[in-house]
Amino acid sequence: MLGLQRLRPACNPLCHVSSQTSAQTRPQFVRMAISESAATEEKHMAVKVPRVLSVAGSDSGGGAGIQADIKTCAALGVFCTTAITALTAQNTIGVQGIYPVSADFLERQLRSVLSDIGADVVKTGMLPSADCIDTLCSVLDLFPVREYYAYIAHMYILEWAEEYISFNCFLAAVVVDPVMVATSGDELAGAGILDALRSDSPTLLSSVKNLQKKLLPKAEVVTPNLPEASMLLDGASVGTLEEMRKAAAEIHKMGPRYVLIKGGHLSGSDDIVDILYDGSECHEYHGLRVETRNTHGTGCSLASAIAAELAKGSHVRQAVQAAKTYVEKTLQKSAKLTIGSGAQGPLNHVHQLNHWESLGEPHFRPNHLLLYAVTDSSMNKQWGRSTSEAVQAVIEGGATIVQIREKEADSGEFLEEAEASLKIARKYGVPLVINDRIDIALACDADGVHLGQSDLPISRARAILGPKKIIGVSCKTPEQAMRAWEEGADYIGSGGVYPTNTKQNNKTIGVEGLRKVCEASPLPVVAIGGIKDHNVKEVMASPRPEQLQGVAVVSGLFNQPDVVVATQKFRAILADALDDSYSRVV
């Protein structure tokens with residue numbers, strides 16, 4: 001039996017050692033581990049950072065392999081180290097070349113990382129040769145995985161066994177993604193891989209020597225897709241849910257504690273079903289099938305997401321669910337991206353940061369304020385139309401930005417209408433903002449919000465929404481306008497210019513008050529309050545303040561029998577009041 005003095009702790013223990021078990025009944029190596037870990041914990045009081053070591057190939061196209069693992073772990077708040085098994089020349093079209101790393105240099109990478117930084121979880125991907133697997137297993141024997149000591153404890157059947165199985169979080173877990181074929185169909189595994197992956201014994205309680213020798217018996221989780229599961233089982237058919245269950249049970253006999261068969265290749269289903277087998281029963285995980293060409297690296301990403309969640313302390317079943325949720329969301333955020341000309345594009349792993357999927361969405365420009373349509377649910381109900389129908393009509397008539405204002409519906413109804421309206425606005429490339437409700441804006445991913453003086457402070461709203469969302473604020477005075485600019489607003493709505501029925505007891509500032517705000521404001525301004533077709537020209541008359549960009553209209557557009565016609569009429573009046581070049585939104 002290996003003594004703990006040979007080992008390098010992968011992480012500090014996070015579990016409680018039972019006081020019911022006396023120190024004298026524990027084997028010496030358990031007592032040493034507890035003592036050494038307590039000393040380490042006391043010495044290093046810094047926040048523990050969850051760590052994943054990815055042992056995989058490099059993808060020059062950036063979509064799979066090491067690159068996908070690093071990005072996935074980063075997105076999930078986990079520090080990722082690497083040991084590269086092979087360099088590949090690949091892109092969205094396919095794999096053009098593979099250059100395996102020598103077993104000696106792979107060992108140097110593994111020892112370098114594990115002897116210093118350590119790992120809570122080791123995740124494996126492309127392992128291009130049997131020598132590569134043998135080297136990995138040999139190094140893991142020096143930095144043992146969870147299963148190793150858990151089964152030693154089980155074999156001893158001592159009073160402290162259950163306690164030590166809990167305590168083995170001191171050691172790293174292994175997630176094996178048996179990558180053998182790229183998404184493009186190119187083979188990534190050489191001869192001898194399958195034999196090296198399999199255990200020499202059909203049982204989990206084989207000798208310590210055989211447990212150390214091969215990879216699958218060291219695995220907490222193995223994550224084959226249907227073709228990989230078939231290859232592990234010598235070509236057995238794995239094409240139905242029942243065959244997936246049987247395959248999971250057979251692969252479990254090779255050594256891993258859990259087997260996750262990924263069902264993405266199952267045909268004839270609108271959802272994706274994955275099967276997790278724990279040695280006694282199968283658990284089904286259902287997810288949406290996202291229609292997109294950008295699927296390169298999904299397997300790597302799922303396995304590394306599982307590893308990341310395990311590193312953060314999740315149980316396997318929780319980790320699988322969280323990983324599936326992450327990959328599904330990432331596929332949705334990647335669906336419309338175009339990177340490369342091949343059949344399989346990469347995922348946008350860090351969509352929380354770069355928001356690539358929103359690059360096609362309208363960016364705010366001052367002349368978007370030209371004809372600012374503000375919906376009114378009571379008016380729309382009076383005329384027998386939904387908010388989304390009104391939004392479509394006002395955009396078709398020529399509105400340049402739309403604000404959804406809802407004072408009557410509950411949050412669920414408001415969100416449904418906002419989502420439907422946003423879909424229409426995106427189709428036409430017109431920005432859509434939500435009045436007051438930051439929660440609704442976040443939930444439907446609207447282009448921004450419009451806030452009043454008594455709403456959430458602009459700086460707080462900006463912190464919540466991020467730098468790319470539009471924030472407008474209502475202002476009546478030059479002082480309010482300056483404060484809006486200082487706190488990060490994008491535009492100002494100034495008024496009410498005239499009395500209005502949509503806001504009772506709303507103090508009017510008149511055209512002169514509007515001009516004073518415009519002259520003081522560093523931000524573009526839209527005039528609001530009581531603006532109708534008969535007073536638009538007065539508001540926009542020359543000499544017009546430079547920052548005054550347009551007018552916001554409610555009843556003049558929506559309290560009308562035909563919204564399209566009413567909107568077209570306003571656009572024509574604005575064209576008369578302004579130069580044609582200004583009235584054209586570019």
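No experiment lies behind these values; they were computed from the predicted model shown.

Here is what the cut-offs are and how they apply
- Residues numbered from 1 in each chain as written.
- Predicted model: local features only at pLDDT ≥ 70, side-chain atom pairs only at ≥ 80, totals over all residues.
- Heavy atoms only, no water.
- Buried < 20%, exposed > 50% of the residue type's maximum accessible area, 1.4 Å probe, protein only.
- Helix = DSSP H or I, 4+ residues; strand = E, 2+ residues; numbered from the N terminus.
- Pairing = 2+ DSSP bridges.
- Axes fitted to C-alpha atoms, helices over the stretch in contact; angles between N-to-C directions.
- Parallel < 35°, antiparallel > 145°, perpendicular 65-115°, else oblique.
- Left-handed = near helix turned anticlockwise from the far one by under 90°.
- Contact = heavy atoms within 4.5 Å.
- Nonpolar A, V, L, I, M, F, W, Y, C, P; charged D, E, K, R; others polar.
- Salt bridge = Lys/Arg side-chain N within 4 Å of Asp/Glu carboxyl O.
- Arc of directions from axis to C-beta.
- Polar contact = N/O pair within 3.5 Å; in protein donor to acceptor, adjacent residues only side chain to side chain.

**Observations regarding the pairing of strand S8 (residues 271-277)**
Step number 1: With six of its seven residues buried, S8 lies for the most part within the structure.
Step number 2: Pairing analysis gives three bridges linking strand S7 (residues 258-261) to S8, with the strands arranged antiparallel. Pairing of isoleucine 261 across the sheet is with isoleucine 275, part of S8.
Step number 3: In the sheet, S8 pairs with strand S9 (residues 282-288) via seven bridges, with the strands oriented antiparallel. From the neighbouring strand, valine 273 faces S9, where its bridge partner is histidine 286.
Step number 4: Between S8 and S9, which follow one another and run antiparallel, lie four residues, and glycine 279 among them has a positive phi close to 105 degrees.

**Comments concerning the packing of helix H11 (residues 298-311) against helix H12 (residues 316-334)**
Step number 1: Packing of H11 against H12 leaves a shortest axis separation of 8 Å and a crossing angle of 135 degrees. When the interaxial angle is binned, H11 and H12 end up oblique. Two packed elements cross with a definite hand, and for H11 against H12 that hand is right-handed. Note on element contacts: H12 touches H11 through Val316, Ala319, Val320, Ala322, Ala323, Lys324, Tyr326, Val327 and Leu331, opposite Thr298, Ser301, Leu302, Ala305, Ile306, Glu309 and Leu310.
Step number 2: Residues that form the contact of H11 with H12 fall into these classes: twelve nonpolar, two polar and two charged.

**Digging into the pattern of salt bridges**
Step number 1: In this structure the tally under the stated criterion is 21 salt bridges.
Step number 2: Linking lysine 123 and aspartate 69 is a salt bridge whose minimum nitrogen-to-oxygen distance equals 3.0 Å. One end of the pair, lysine 123, is in strand S4 (residues 121-124); the other, aspartate 69, is in helix H2 (residues 65-75), with 54 residues separating them in the sequence.
Step number 3: Under the relative-accessibility criterion, aspartate 69 is labelled buried at 1%.

**Here's the deal with the side chain of glutamine 480**
Step number 1: Examined against the element boundaries, glutamine 480 turns out to sit in helix H19 (residues 478-487).
Step number 2: The exposure class of glutamine 480 is buried, given its relative accessible area of 19%.
Step number 3: The residues touching glutamine 480, leaving out its near neighbours within four places in the chain, are Gln453, Ser474 and Cys475.

**Comments concerning the environment of leucine 87**
Step number 1: Relative to the elements of secondary structure, leucine 87 occurs in strand S2 (residues 79-90).
Step number 2: Residue class for leucine 87 comes out partly exposed when judged on its relative accessible area of 43%.
Step number 3: Along the backbone, leucine 87 and alanine 56 are 31 residues apart, and their C-alpha atoms lie at a distance of 9.4 Å.
Step number 4: In contact with leucine 87, not counting residues within four places along its chain, are Ser58, Gly97, Ile98 and Tyr99.

**Things to note about the packing of helix H15 (residues 387-397) against helix H23 (residues 563-577)**
Step number 1: As a packed pair, H15 and H23 sit with axes 7 Å apart at the nearest point and diverge in direction by 35 degrees. Note on packing geometry: the crossing formed by H15 with H23 is right-handed. Contact residues: Ala390, Ala393, Val394, Glu396 and Gly397 in H15; Val563, Val564, Thr567, Gln568 and Arg571 in H23.
Step number 2: Residue composition of the contact of H15 with H23, by class: five nonpolar, three polar and two charged.

**Comments concerning helix H18 (residues 458-465)**
One turn of the α-helix equals 3.6 residues, which is why residues spaced by three or four share an orientation.
Step number 1: Residues Ile458, Ala461, Arg462 and Leu465 constitute the buried set of H18. One face of H18 carries all of its buried residues, which in axial projection span an arc of 100 degrees. Exposed residues lying more than 90 degrees from the buried face of H18 are Arg460 and Ala463.
Step number 2: Where the residues of H18 are buried, they touch helix H17 (438-444), strand S13 (448-451), strand S14 (470-475) and H19.
Step number 3: Residue glycine 466 follows H18 closely and has a positive phi angle near 95 degrees.

**Thoughts on the sheet that holds strand S17 (residues 548-553)**
Step number 1: Strand order in the closed barrel made by the eight strands is S10-S11-S12-S13-S14-S15-S16-S17, with parallel pairing throughout. Strand after strand, the sheet turns through a mean of 25 degrees between neighbouring axes, direction not considered.
Step number 2: Against the sheet, H19 touches S14 and strand S15 (491-495), its axis set at about 165 degrees to S14.

**Let's talk about the environment of isoleucine 509**
Step number 1: Positionally, isoleucine 509 belongs in the loop between S15 and helix H20 (510-520).
Step number 2: Once the C-alpha coordinates of isoleucine 509 and tyrosine 498 are considered, the two residues, eleven residues apart in sequence, prove to be 7.4 Å apart.
Step number 3: Beyond its immediate stretch of four places on either side in the chain, isoleucine 509 contacts Lys476, Ser494, Gly495, Gly496 and Leu514.

**Overview of the side chain of aspartate 447**
Step number 1: Along the chain, aspartate 447 turns up in the loop between H17 and S13.
Step number 2: Of the polar contacts made by the side chain of aspartate 447, one reaches the backbone nitrogen of leucine 432; its length is 2.9 Å.

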